Protein chains: 2
Amino acid sequence: MAREFQEKLDGLKEYLKKLEYLTSSIALIQWDSIVNMPSKAVEYRSEILGYLSGESYKISTSKKIKQYIDFFSNSKNLDDITKGTIKKISKDYIRNNRIPKKEYKQYIVAGSISGAAWEEAKKKSDFKIFQPHLKKMVEYNQKFADYWGFKKNRYDALLDIYEPGITTEKLDKVFGNLRDAIVQLLNKIKESGNSPDIKFLKGNFPKDAQEEFAKKIMGKMGYDFKEAGRIDESTHPFTTNFGNKDVRITTHYYENDFRPALFSFIHEAGHAIYEQDIPDTLQGTLLAQGASMGIHESQSRFYENIIGKSKYFWDFFYSEALERFPQFKDISLEDFYRGINFVEPSLIRTEADELTYSLHIIIRYEIEKLLINGDISVEDLPNIWNEKYKEYLGVEPKNDAEGVLQDIHWSDGSFGYFPSYALGNLYGTQFLNKMKIDIPDIYEKISQGNLTIVHEWLNENIHKYGAIYKPTELIKRVTGEELSEKYFIEYLNKKFKKIYNIN
Amino acid sequence: MAREFQEKLDGLKEYLKKLEYLTSSIALIQWDSIVNMPSKAVEYRSEILGYLSGESYKISTSKKIKQYIDFFSNSKNLDDITKGTIKKISKDYIRNNRIPKKEYKQYIVAGSISGAAWEEAKKKSDFKIFQPHLKKMVEYNQKFADYWGFKKNRYDALLDIYEPGITTEKLDKVFGNLRDAIVQLLNKIKESGNSPDIKFLKGNFPKDAQEEFAKKIMGKMGYDFKEAGRIDESTHPFTTNFGNKDVRITTHYYENDFRPALFSFIHEAGHAIYEQDIPDTLQGTLLAQGASMGIHESQSRFYENIIGKSKYFWDFFYSEALERFPQFKDISLEDFYRGINFVEPSLIRTEADELTYSLHIIIRYEIEKLLINGDISVEDLPNIWNEKYKEYLGVEPKNDAEGVLQDIHWSDGSFGYFPSYALGNLYGTQFLNKMKIDIPDIYEKISQGNLTIVHEWLNENIHKYGAIYKPTELIKRVTGEELSEKYFIEYLNKKFKKIYNIN
């Protein structure tokens, strides 16, 4: 029995490795498509990717996988890793098999057409062009959610793809409180009249100096971009990996503003460290990846904001910045710190500051929930979008391009994904709270440029587990608590009241 | 009947496309391994490539393929393309199926170990380290040749992999005459005492200027490196492609010598143009590639030597060179031309001049033939190698690294590949001869910088057919003659007697 068990387990791992090889191949070819591919190759390239994705789908819905699932579901006393693997393949199997193959293929084609329509609509700033396609994508997702099933809210079935275990019920509460707290704080900031000087943020920042500075920081963070990763340029920064020894990030430089490249470097390096820390032993288990999109985002945002926009961090790194950007010489550390944390409600999510960012996400969450449950129709979107921006952020889009059309996510039907971004903020401050208990002098260490101690804590508590635990389990294991908005709200109030001199 | 035929044909094409997608994926991942991969990723990367190669092997040896082969082998009046496809898949099927699967796997593993041993041996310049591994690779290839079968000479079975239709009998005659002719001409050159001035070949050649100059030339050649290709750097220059709209080349710059990058650019662009010219209609036929290694090499060497080292070419481009490398200002075009065609027997194949290059290949051919037929043993290799170098080239390696260990090819068992390089020279001058008949003022055109006319002729006569015809058929279709050494010998005599002022 024990022998049969071990043989089955070895067999399963061998089988899952194929899936991992395909996933890695697809990721590498996608990376190349964005970073290197000549323009005329786009059509053939998408054929290649379509083929490889199809092969991956075949394996994850195969009879062989079903046999493994059946065998191990009847096994008792599984260790956490095997348990995690079986949960993962069962979930993928069910998800993939419940959608009729033909329908899924139609969905993929529709998504590709919808993506092109979104691009055109955004260019022309005309929601009408995108509207019928978006309607289709919503309808498909409604149907899929029904195929998959849910307990209380249809949107839960979609949330579960990206953040297993998270429900609308929970998010309504958490995001509701967070929204109110941010709006309140934002109003106080506006009333305070204390606006930091931000002229120094713009100027001339040579690309080479930006890169060198970022590399210095990422080296301290512990991202190995030399022997187990690399850095390239692309329009939108991203991280991808093929195994744990080839984790690549990209950035986009603006020579008139040092912030986009710098903070995206720190952000992506946060993702990259996570992937590099995943242990070799998780290969062939499908768990050699982050626990969820939200947990992944908690790592990148932890580094980008909690660390990278903290006073402690700049205590150490400001002299390095001064060396490379001599124009800062008349700007005090305090003014620099206040400047990079300047709060300004704006229209574009990706350009938002640390405080208002979550409001952009909450707006999308509220809208997605209404859409998927059929409580609003696609035609109403631009109005609802604009109303919510006015209500929460006090700004109003002048056109669809800077409003409802700004994000690519809905065009291929990725409903349920947006909340991960804000969840990352919540998880991040929950981890921070625990980290401060475990390492009482953590801020002092950071002030001394010791980011290794941060990295080690994250690895020991989060990274090394890969995707063994669901995010809901992981947060409980690490902090002893469930997902909560409390720490993030505290953090924001403390930080921004100080910066804006609010009592 | 006609309908069944068309359905089968469509089915076959769909099936073969999968094989092409895998081939392209493998090529892209290998390109990345050489150009971009961080060092620690090497092991996992080889697992990915092993998996994809295995999938490709499965398709090409599948029952489904066998069914297609059987169906179409009984069909009459096939067009040339379908005929070519069936020949190709039959050949691959037989080749792959005759080797027991287990043995093939062992061979792949042995090849990988042998490759590492070769590397170490070369580094330490000690053939003994490589010897037992090379012995194994020879034995495997002997066995495989026996599995595959041959008419007269066991080595023919290996030649047939790279240059279908070519036999040892033919090569003995062709290479024998070529060897004697080159040795004779080489002796006359030595006796002539007329050595061109070559001091100007070395100096300071900034990388940017080299790149810009090469791009100018490659643009004129018709290689689209902007929208359907790209240029990168690697230790050894190479060309690879993923379809006909993503054809990439690499080079290696030496800032003290402009020749390596320049001529490798022209060489690789010759390969690249071939692949870019393959028509879309050949997708899904397995014929969307060059006709053979030798024909491919005929294109690259045609551009590198026949065009790129001709007086006509430099009539046009020398002023461009002068602009970028002002140190040439006191060197006349004639002296420049003589300098880049300087003949000097040397030890290293990849550094050989146009005249002596083929002798390096012929030595390898003669040795491979003896090895595979068991007429010499691996232990004897360094001695035989050194003797042949002394006899044909008049030079003697001081150690194994600059002798028998210089090339990677034998380490993974690629016996039968070397001849392609010299065959490229022969095909190239045969094509040249026909081109001169078709375009009497071809040299004048080249002198005017018109390389388009050359490209068009090559496309019309060679490129557009992809691998529809075997090289033996192709050369006959294009020139009306079989493979012959005659034109290359004439070409060499005419060119180098003039340069060295020999009557």
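Residues numbered from 1 in each chain as written. Chains lettered and ligands numbered in written order. Predicted model: local features only at pLDDT ≥ 70, side-chain atom pairs only at ≥ 80, totals over all residues. Heavy atoms only, no water.

Named according to an unreviewed UniProt entry, chain A is Metal-dependent carboxypeptidase originating from Clostridium pasteurianum BC1. Quoted verbatim from the Function (unreviewed entry) field of the UniProt record, the comment on chain A reads "Broad specificity carboxypetidase that releases amino acids sequentially from the C-terminus, including neutral, aromatic, polar and basic residues." (UniProt positions renumbered as here; feature names shortened; annotations may be inferred.)

Asker: Before we go on, may I ask you to explain the overall build of chain A in this structure?
Answerer: Within chain A one finds 20 helices and 3 strands. Taking 503 residues into account, the globule formula puts the C-alpha radius of gyration at 23 Å, and chain A, at 23 Å, falls close to it. Relative to its 503 residues, chain A shows a buried fraction of 58%. Partitioning the contacts of chain A with sequence separation of at least 6, the portion at a separation of at least 24 is 74%. Of note, chain A has its 71 positive side-chain charges centred 4 Å away from the centre of its 75 negative side-chain charges. (Helix = DSSP H or I, 4+ residues; strand = E, 2+ residues; numbered from the N terminus. Rg over C-alpha atoms; globule rule 2.2 N^0.38 Å. Buried < 20%, exposed > 50% of the residue type's maximum accessible area, 1.4 Å probe, protein only. Contact = heavy atoms within 4.5 Å. Lys, Arg positive; Asp, Glu negative; His and termini not counted. Charge placed at Lys NZ, Arg CZ, Asp CG, Glu CD.)

Asker: I would appreciate a short explanation of the environment of Pro196(A) in the present structure.
Answerer: Residue and element names in this part refer to chain A. Here Pro-196 is to be found in the loop between α8 (168-192) and α9 (207-221). Residues Pro-196 and Leu-287 lie 91 residues apart in sequence; the distance between their C-alpha atoms is 45 Å. If we ignore the near neighbours within four places in the chain, the residues touching Pro-196 are Arg-338, Gly-339, Phe-342 and Tyr-500.

Asker: I keep staring at the interface of chain A and chain B and nothing clicks. Help me out?
Answerer: Many analyses report the size of an interface as the accessible area lost when the parts associate. Residue-level contacts link 37 residues of chain A with 37 residues of chain B. Summed over both partners, the interface of chain A with chain B buries about 3000 Å², with 56% contributed by carbon and sulfur atoms. When residues of chain A are sorted by the area they lose upon contact with chain B, Tyr21(A), Tyr44(A) and Tyr51(A) head the list and together hold 22% of the total. With a closest N to O distance of 3.8 Å, Glu227(B) and Lys40(A) form a salt bridge. Our enumeration of links across chain A and chain B arrives at 16 residue pairs in polar contact (both at pLDDT 80 or more). (Buried area = accessible area lost by both parts, 1.4 Å probe. Salt bridge = Lys/Arg side-chain N within 4 Å of Asp/Glu carboxyl O. Polar contact = N/O pair within 3.5 Å; in protein donor to acceptor, adjacent residues only side chain to side chain.)

Asker: Quick question: what am I supposed to make of the UniProt feature "active site" (unreviewed entry) in chain A here?
Answerer: Residue and element names in this part refer to chain A. On the UniProt side, "active site" (unreviewed entry) is annotated at positions that read Glu-268 here. In this structure, Glu-268 sits in helix α10 (residues 259-277). Beyond its immediate sequence surroundings of up to four residues, Glu-268 is in contact with Pro-237, Phe-238, Thr-239, Ile-249 and Thr-250.

Asker: Honestly, helix α20 (residues 486-499) of chain A in this entry has me stumped. Any pointers?
Answerer: Spacing of three or four residues puts side chains on the same side of an α-helix, whose turn is 3.6 residues. All names here are of chain A. Under the 1.5 Å per step criterion, the end-to-end length of α20 is 20 Å for 14 residues, consistent within 8% with the ideal 20 Å. Tyr-487, Phe-488, Ile-489, Tyr-491, Leu-492, Lys-495, Phe-496 and Ile-499 are the residues of α20 that are buried. Elements that come into contact with the buried residues of α20 comprise α8, α11 (293-307), α13 (333-340), α14 (357-372) and α16 (419-438). Positive backbone phi, at 55 degrees, marks Asn-501, one or two positions downstream of α20. (Expected span 1.5 Å × (residues − 1).)

Asker: Just to check I follow, could you spell out the environment of Glu485(A) for this structure?
Answerer: All names here are of chain A. Looking at the element boundaries, Glu-485 is found in the loop between α19 (471-479) and α20. Given the relative accessible area of 9%, Glu-485 is considered buried. Residues Glu-485 and Val-174 lie 311 residues apart in sequence; the distance between their C-alpha atoms is 5.6 Å. If sequence neighbours within four positions are ignored, Glu-485 has contacts with Lys-173, Val-174, Asn-177, Leu-178 and Leu-426. In this structure the side chain of Glu-485 is engaged in a polar contact, spanning 2.6 Å, whose partner is the side chain of Asn-177.

Asker: Looking at this structure, how should I read the sheet that holds strand β2 (residues 239-241) of chain B?
Answerer: Adjacent strands of a sheet form backbone hydrogen bonds with each other and so pair up, either parallel or antiparallel. Residues and elements named next belong to chain B. Taken together, the 3 strands give an open sheet; going across it, the order is β1-β3-β2, and neighbouring strands pair in mixed fashion. Only two strands of the sheet have a single partner each, and these edge strands are β1 (229-233) and β2. For this sheet, the mean angle separating the axes of adjacent strands, direction not counted, is 20 degrees. Alignment of β2 against strand β3 (residues 247-251), held across 3 bridges, turns out to be antiparallel. (Pairing = 2+ DSSP bridges. Axes fitted to C-alpha atoms, helices over the stretch in contact; angles between N-to-C directions.)

Asker: Is there a simple way to think about helix α13 (residues 333-340) of chain B in this case?
Answerer: Within α13(B), the full set of buried residues consists of Phe336(B), Tyr337(B), Arg338(B), Gly339(B) and Ile340(B). In this fold, the buried residues of α13(B) make contact with α10 (259-277), α12 (311-324) and α20 (486-499) of chain B.

Asker: When you look at the side chain of Asp156(A) in this model, what are you seeing that I'm missing?
Answerer: Residue and element names in this part refer to chain A. Turning to its location among the elements, Asp-156 is positioned in helix α7 (residues 156-162). Buried charge without a partner: Asp-156 forms no salt bridge, and the closest opposite charge is Lys-152, 7.8 Å away. Within the structure, the side chain of Asp-156 is placed 2.3 Å from the side chain of Thr-168, a separation counted as a polar contact.

Asker: Sorry if this is basic, but what is going on with the relation of the copies chain A and chain B here?
Answerer: Each copy superposes on the other: chain A lies on chain B with an RMSD of 0.1 Å after a rotation of 179 degrees and an axial shift of 0.1 Å. One copy is carried onto the other by what is essentially a two-fold rotation axis. When the interface residues of chain A are mapped onto chain B, 100% of them again fall at the interface, so both copies present the same face. (Least-squares fit on C-alpha atoms with pLDDT ≥ 70 in both.)

Asker: Which parts of the structure should I look at to understand the packing of aromatic side chains?
Answerer: Aromatic rings in a pair are described by how distant their centres are and how their planes are angled relative to each other. Evaluation of the coordinates by the stated rule reveals 96 aromatic pairs over all chains. Ring pairing ties together the aromatic residues Phe200(A), Phe205(A), Phe213(A), Phe258(A), Phe313(A), Trp314(A), Phe316(A), Phe317(A), Tyr318(A), Phe325(A), Phe328(A) and Phe336(A), which thus form one cluster. Arg301(A) extends its terminal NZ or CZ atom over the ring of Tyr357(A), reaching a point 4.1 Å from the ring centre. Here the basic side chain of Arg477(B) rests over the ring of Tyr465(B), its NZ or CZ set 5.4 Å away from the ring centre. (Phe/Tyr/Trp six-rings, centres within 6.5 Å; stacked < 30°, edge-to-face > 60°. Lys NZ or Arg CZ within 6 Å of the ring centre and 35° of its normal.)

Asker: Quick question: what am I supposed to make of the pairing of β1(B) here?
Answerer: As a general feature of sheets, a regular strand has side chains that alternate between the two faces. All names here are of chain B. The element β1 is largely enclosed, with a buried count of 4 among its 5 residues. With 5 bridges connecting them, β1 and β3 associate as parallel partners. Residue pairing for β3: Ile-231 is matched across the bridge by Ile-249.

Asker: How do you make sense of the pairing of β3(B) when you look at a structure like this?
Answerer: Within β3(B), 5 of the 5 residues are buried, which leaves the element mostly enclosed by the surrounding structure. In this structure, the hairpin formed by β2(B) and β3(B) is closed by a connection of 5 residues, where Gly243(B) is found at a positive phi of approximately 80 degrees.

Asker: Help me understand the packing of α16(A) against helix α18 (residues 452-461) of chain A, please; the structure alone is not making it clear to me.
Answerer: Packed helices, taken two at a time, are described by their axes: the angle between them and the distance between them. Residue and element names in this part refer to chain A. Put simply, α16 and α18 touch, their axes get as near as 11 Å, and they point 110 degrees apart. As the angle between them shows, α16 and α18 are arranged roughly perpendicular. Judged by the twist between their axes, the crossing of α16 over α18 is right-handed. Where α16 approaches α18, its residues Phe-431, Lys-434, Met-435 and Asp-438 are matched on the opposing element by Val-454, Trp-457 and Leu-458. By residue class, the composition of the contact of α16 with α18 is 5 nonpolar, no polar and 2 charged. (Parallel < 35°, antiparallel > 145°, perpendicular 65-115°, else oblique. Left-handed = near helix turned anticlockwise from the far one by under 90°. Nonpolar A, V, L, I, M, F, W, Y, C, P; charged D, E, K, R; others polar.)

Asker: Help me understand unusual backbone geometry in this model?
Answerer: Most peptide bonds take the trans configuration, and most residues that are not glycine carry a negative phi. Not every positive phi belongs to a glycine, and Leu286(A) is a case in point at roughly 65 degrees. For Leu286(A), the position within the fold is in the loop between α10 and α11. Although it is not a glycine, Ser125(B) adopts a positive phi angle of roughly 50 degrees. Looking at Ser125(B), the relative accessible area reads 23%, which means it is partly exposed.

Asker: Got a minute to help me understand the nonpolar core in this structure?
Answerer: One broad rule of soluble globular proteins: the nonpolar side chains tend to lie buried together. Judged by nonpolar contacts, the single largest core of 137 residues is most densely connected at Met218(B), Trp314(B) and Val454(B). Examining the composition of this core, we find that 10 residues originate from one element, helix α8 (residues 168-192) of chain B, more than from any other. For Trp314(B), the contacting residues outside a window of four places in its chain are Phe213(B), Leu262(B), Phe263(B), Gly308(B), Lys309(B), Ala321(B), Leu333(B), Phe336(B) and Ile340(B). In terms of nonpolar packing, the next biggest core, distinct from the first, is built from 136 residues, Phe144(A), Leu262(A), Phe317(A) and Ala422(A) among them. (Core = buried A, V, L, I, M, F, W, Y, C linked by side-chain atoms within 4.5 Å.)

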